[in-house]
Amino acid sequence: MSKAFQSIKRGLLEAVEHAQGGATDTVVHRPRPIDVKALRVRVGMTQEQFAARFGFSAATLRHWERGDRKPRGPALVLLNVIAHDAKTVMAALSA
C-alpha cells in the first residue's frame, strides 16, 4: 500500500479510537467563545465593514451579536485569530 493510504488509514483509526473515548495522541483544540460585538467595536468597524472585511455575511454577524446564534467551526477560529491580532489578519487578507 502507498504511504498516503497508510497515513490516511492511521488517521482514521486514531479518529475512531478518539471518538470511542480511547487514549490517543490526538490533541483537541477548542477555540474560546468570542464576544463578537465587543471584538468588532475594539477593531473600530461597523457591522457592514467587519462582515465585508472578514468574509462574514452581515446577517450572520447580526445574529452573533444579538446572541441568536453562536459562531462555530472555522468562523470561531477566525474570530479568535482576529481577537489575537486583527492588524495581521487584515494585512494577510490584503495580500
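Look up: the structure comes first, before these words.
Conventions we followed
- In every chain, residue numbers begin from 1 and rise along the written sequence.
- Where local features are concerned, this predicted model is filtered to residues with pLDDT of at least 70; where side-chain atom pairs are given and counted, the filter is 80 or more; whole-chain, interface and lining totals use all residues.
- Think of the side-chain values as coming from all heavy atoms in the structure, minus any hydrogens and water.
- For helices the rule is a DSSP run of H or I covering at least 4 residues; for strands it is a run of E covering at least 2, with both sets numbered from the N terminus onward.
- Throughout, the radius of gyration refers to the C-alpha atoms, and the reference size of a globule is 2.2 Å times the residue count to the power 0.38.
- Two residues form a contact once any of their heavy atoms are found within 4.5 Å.
- What a helix should span is 1.5 Å times the count of its residues minus one.
- The buried label goes to any residue with under 20% of its type's maximum accessible area, the exposed label to any with over 50%, and the partly exposed label to all in between, with areas taken from a 1.4 Å probe on protein chains only.
- Any two of the Phe, Tyr and Trp rings considered here, Trp counted by its six-membered ring, make a pair once their centres fall within 6.5 Å; the pair's planes then place it as stacked at under 30 degrees, edge-to-face at over 60, or tilted in between.
- Nitrogen and oxygen atoms within 3.5 Å of one another constitute a polar contact, given that in protein one can donate a hydrogen and the other can accept it, and given that sequence-neighbouring residues count only through two side-chain atoms.
- Take a side-chain nitrogen of Lys or Arg and a carboxyl oxygen of Asp or Glu: if they are within 4 Å of each other, that pair is a salt bridge.

Chemist: Would you mind showing me how to read the overall build of the protein here?
Modeler: Counting its secondary structure elements, the protein contains five helices and zero strands. Ordered by position from N to C terminus, the α and β elements of the protein give α-α-α-α-α. In terms of C-alpha radius of gyration, the protein reaches 18 Å, well past the compact-globule figure of 12 Å for 95 residues. Projected onto its principal axes, the C-alpha coordinates of the protein cover approximately 55 × 35 × 20 Å. A fraction of 49% describes how many contacts in the protein between residues 6 or more apart in sequence connect residues 24 or more apart.

Chemist: Even after reading the chapter, I still don't get helix H1 (residues 3–19), so can you show me in this structure?
Modeler: What sets the pattern is the α-helix's 3.6 residues per turn: residues three or four places apart point alike. Under the 1.5 Å per step criterion, the end-to-end length of H1 is 24 Å for 17 residues, consistent within 8% with the ideal 24 Å. Directly after H1, the chain includes glycine 21, whose backbone phi takes a positive value near 90°.

Chemist: Sorry, what's going on with the environment of valine 89 here?
Modeler: Secondary-structure assignment places valine 89 in helix H5 (residues 73–94). Since its relative accessible area comes to 9%, valine 89 is described here as buried. Separated by 35 residues in the primary sequence, valine 89 and phenylalanine 54 place their C-alpha atoms 8.7 Å from one another. The residues contacting valine 89, other than those within four sequence positions of it, are Phe54, Leu78, Val81 and Ile82.

Chemist: How should the packing of aromatic side chains be read in this particular structure?
Modeler: In the structure shown here, the tally under the stated rule is three aromatic pairs. Three or more aromatic residues joined by ring pairs make a cluster, and in this case those are Phe50, Phe54, Phe56 and Trp64.

Chemist: Where do I start with the side chain of glutamate 65 in this structure?
Modeler: Relative to the elements of secondary structure, glutamate 65 occurs in helix H4 (residues 58–66). Of the residues examined, glutamate 65 reaches a relative accessible area of 18% and is grouped as buried. Here glutamine 47 takes part through its side chain, which lies 2.8 Å from a polar atom of the side chain of glutamate 65.

Chemist: How do you make sense of the pattern of salt bridges when you look at a structure like this?
Modeler: Oppositely charged side chains can pair when the atoms bearing their charge come close. Taken as a whole, this structure holds two salt bridges when the rule is applied. The partner of glutamate 65 in a salt bridge is arginine 40, with the nearest N and O atoms 2.5 Å apart. Here glutamate 65 is found in helix H4, whereas its partner arginine 40 is found in helix H2 (residues 36–42), with 25 residues between them in sequence. The burial state of glutamate 65 is the same as that of arginine 40; both residues are buried. With its nearest N and O atoms 2.7 Å apart, the salt bridge here joins arginine 66 to aspartate 68. Of the residues examined, aspartate 68 reaches a relative accessible area of 46% and is grouped as partly exposed.

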